[in-house]
Amino acid sequence: MDAAFNFDLHCHSTASDGVLAPDELVRRAAANGVSVLALTDHDELAGLTAAAAVAGACGVRFVAGVEISITWGGITIHIVGLGVDPENAALASSLEQVRASRSRRAEKIAAELDTLGIEGSLEGAYAFAENPHLIGRAHFARFLVARGMAADVASVFRHYLVRGKPGYVPQQWAELGDAVAWIRASGGRPIVAHPGRYKLSRAELRRFLAEFKTAGGEGIEVVTGSHSPEQYVEYARLAREFEFLASRGSDFHGPDESLVDLGRLPSLPSDLKPVWHDW
Ligand code: AMP
Ligand code: MN
Ligand code: MN
Ligand code: MN
């Protein structure tokens, strides 16, 4: 497929922390001119079947994806899997374990917020979670906004739920090698999500990328809603240097929470090998 196609290979539905149901998300993507869409919910495959069905009816080519939370060097990193098999039992059961650890973390977050006098946050967060098996900080953030603790979700993440702020709970996510292996064994391509977002020095990031590649990682997101135009250039350079495939995705979560809408990103630099080169 060539550059005339509009690829958006990273977004979220209500199966994780997006605000649109899978069918609504696909319809919005189609309306925005997306021709190839990957749904990449956090640690969850539950939205894929519904999204694929609607995509077919809207003339959007659908790619089954996932965004797996891992811990590396003490920080959280996200690995996107593109083209996974939603029926793969090993992937499904591994992600089920990750989701269970999210549920345990949610109880701890709520206990932390209780100590601050913010009561009812566990029920409150779950009320914002369409999928009771996938709870995340975004659901707590929406609850805190509804409680009047912050003006919007972005401001919650400046004052709560992050390291050094109230309601933060450290979490041990999956291992890098495991996440890469789960994705590959289910037929998918492992891609580092929004590499510009991690609090890593240049040297640490390079060490991470080298380990990712050795583990079987194949690409990085270059053009994403989380990168500035300067970062497109910086991560394009790293894609060339490490001979990574390049990906493009909005990381859309919802009309009121995301700066970049589905399908509304610039193209990848034309000399990069896109993750879709052989699709
Ligand atoms: P979790 O995986 O549950 O720890 O939550 C991570 C999610 O929180 C991200 O995928 C975003 O949806 C949301 N998030 C994290 N930081 C921010 C931020 N600064 N602004 C808005 N949403 C954020
Ligand atoms: Mn999210
Ligand atoms: Mn992410
Ligand atoms: Mn994401």
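First, a word on scope: everything that follows refers to the structure included in this document. (Residues numbered from 1 in each chain as written. Chains lettered and ligands numbered in written order. Predicted model: local features only at pLDDT ≥ 70, side-chain atom pairs only at ≥ 80, totals over all residues. Heavy atoms only, no water.)

Concerning the pattern of salt bridges
Side-chain pairing between opposite charges can occur once the charged atoms of the two side chains come close.
And step 1. The tally for this structure, following the rule as stated, stands at 12 salt bridges.
And step 2. A salt bridge links R28 to D261, with the nearest nitrogen and oxygen atoms 2.9 Å apart. You can see R28 sitting in helix α1 (residues 22–31) and its partner D261 sitting in the segment after β7 (245–249), a full 233 residues away along the chain.
And step 3. Here R28 falls in the partly exposed class, since its relative accessible area comes to 27%.
And step 4. Given the relative accessible area of 19%, D261 is considered buried.
And step 5. A salt bridge links R206 to E241, with the shortest nitrogen-to-oxygen separation between them at 2.3 Å. (Salt bridge = Lys/Arg side-chain N within 4 Å of Asp/Glu carboxyl O. Helix = DSSP H or I, 4+ residues; strand = E, 2+ residues; numbered from the N terminus. Buried < 20%, exposed > 50% of the residue type's maximum accessible area, 1.4 Å probe, protein only.)

Comments concerning the coordination of the manganese ion (ligand 3)
Note on metal geometry: ideal angles are 109.5 degrees for four donors arranged tetrahedrally and 90 or 180 degrees for six donors arranged octahedrally.
And step 1. Taken together, the protein donors to the manganese ion (ligand 3) comprise E67 (OE), H78 (ND1) and H194 (NE2), at separations of 2.1 to 2.2 Å.
And step 2. Within one chain, the residues serving as donors to the manganese ion (ligand 3) are arranged as E-x10-H-x115-H.
And step 3. Separating the manganese ion (ligand 3) from the manganese ion (ligand 2) is a gap of 5.8 Å. Of the two residues, E67 is situated in strand β3 (residues 61–72) and H78 in strand β4 (residues 75–82); the sequence distance between them amounts to 11 residues.
And step 4. By relative accessible area, E67 is classed as buried at 0%.
And step 5. Since its relative accessible area comes to 13%, H78 is described here as buried. (Donors = N, O, S within 2.8 Å, 3.2 Å for Na, K, Ca; no water.)

Considering the state of the cysteines
And step 1. Within the structure shown, the criterion is met by zero disulfides.
And step 2. Among the cysteines around C11, which has no disulfide bond, C58 carries the closest sulfur, lying 13 Å off.
And step 3. For C11, a relative accessible area of 0% puts it in the buried group. (Disulfide = S-S within 2.5 Å.)

Thoughts on α1
And step 1. Every buried residue of α1 is listed here: P22, L25, V26 and A29. Each buried residue of α1 lies within a common arc of 95° when the element is viewed along its axis, so the set occupies one face.
And step 2. Close packing links the buried residues of α1 with β2 (36–39) and α2 (48–58). (Arc of directions from axis to C-beta. Contact = heavy atoms within 4.5 Å.)

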